[in-house]
Amino acid sequence: MTDQNTKIIYRGISMIEGWPEKIKASQDIQTCIVNDQQVSRIRYGNELDDWGADRQPCHDCGVIKGEFHVEGCDVERCPGCDGQRFNCDCEPCEDDDTDEA
Ligand SMILES: [Zn+2]
Ligand SMILES: [Zn+2]
């Protein structure tokens, strides 16, 4: 068995090495662009759904309540549509619509 990602413990949570740096970097990114407007990102615990922020760190990216999720976290909500930010169409973060010009 090979474990490609070295696991470390950060704030009592097991995560891959280097992830705490990603968490810290994410805290500096307070806004995102939704439909060409700069809007505040939604902090963990401020989602419409209860993701357990009062009880546990984010199950996907490991941030704690009041922190911003790490980029690409599947819990992070989109401030524009309340959908999954990772997966919604508001933000031109991925250009999937380039196959047909
Ligand atoms: Zn998260
Ligand atoms: Zn959206």
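No experiment lies behind these values; they were computed from the predicted model shown.

Parameters at a glance
Residues numbered from 1 in each chain as written. Chains lettered and ligands numbered in written order. Predicted model: local features only at pLDDT ≥ 70, side-chain atom pairs only at ≥ 80, totals over all residues. Helix = DSSP H or I, 4+ residues; strand = E, 2+ residues; numbered from the N terminus. Buried ≥ 20, exposed ≤ 12 C-beta atoms within 10 Å, placed from the backbone. Contact = placed C-beta atoms within 7 Å. Pairing = 2+ DSSP bridges. Core = buried A, V, L, I, M, F, W, Y, C linked by C-beta atoms within 7 Å. pLDDT = per-residue confidence, 0-100.

A few words now on the overall build of the chain. From N to C terminus, the chain includes 1 helix and 4 strands. Secondary structure elements of the chain occur, N-terminal to C-terminal, as β-β-α-β-β. Residues classed as buried in the chain amount to 17% of the 101 residues present. Nonlocal contacts in the chain, meaning residues at least 24 apart in sequence, comprise 38% of its contacts between residues at least 6 apart.

Two strands pair when backbone bridges link them, and strand S3 (residues 31-34) and strand S4 (residues 37-40) are joined in this way by 4 bridges, in the antiparallel orientation. Opposite valine 34, over in S4, you have glutamine 37 as the bridge partner. Here S3 hands over to S4 after 2 residues, with asparagine 35 in that stretch at a positive phi of 50°.

A few words on the environment of threonine 6. One can find threonine 6 in the segment before strand S1 (7-10). Once the C-alpha coordinates of threonine 6 and glycine 18 are considered, the two residues, 12 residues apart in sequence, prove to be 9.1 Å apart. If we skip the residues at most four places from it in the chain, threonine 6 touches Ile16 and Glu17.

Listed in full, the 8 residues of the largest apolar core are Ile23, Tyr44, Cys58, Cys61, Val63, Phe68, Val70 and Val75. Not counting residues up to four positions away in its chain, the partners in contact with cysteine 61 are His69, Val70 and Cys73.

Positioned with a positive phi, asparagine 35 is a non-glycine residue whose angle comes to about 50°. Its location among the elements puts asparagine 35 in the loop between S3 and S4. The exposed category is assigned to asparagine 35, around which 11 C-beta atoms lie within 10 Å.

Structurally, histidine 69 can be placed in the segment after S4. Given 26 C-beta atoms within 10 Å, histidine 69 falls into the buried group. Note: C-alpha distance between histidine 69 and isoleucine 29 (40 residues apart in sequence) is 9.7 Å. Setting aside residues up to four positions removed in sequence, histidine 69 forms contacts with Ser26, Tyr44, Cys58, Cys61, Val63, Val75 and Glu76.

This prediction gives the chain a mean pLDDT of 88; 86% of its residues lie at or above 70. When mean pLDDT is compared element by element in the chain, helix H1 (residues 19-26) scores highest at 98, while S3 scores lowest at 91.

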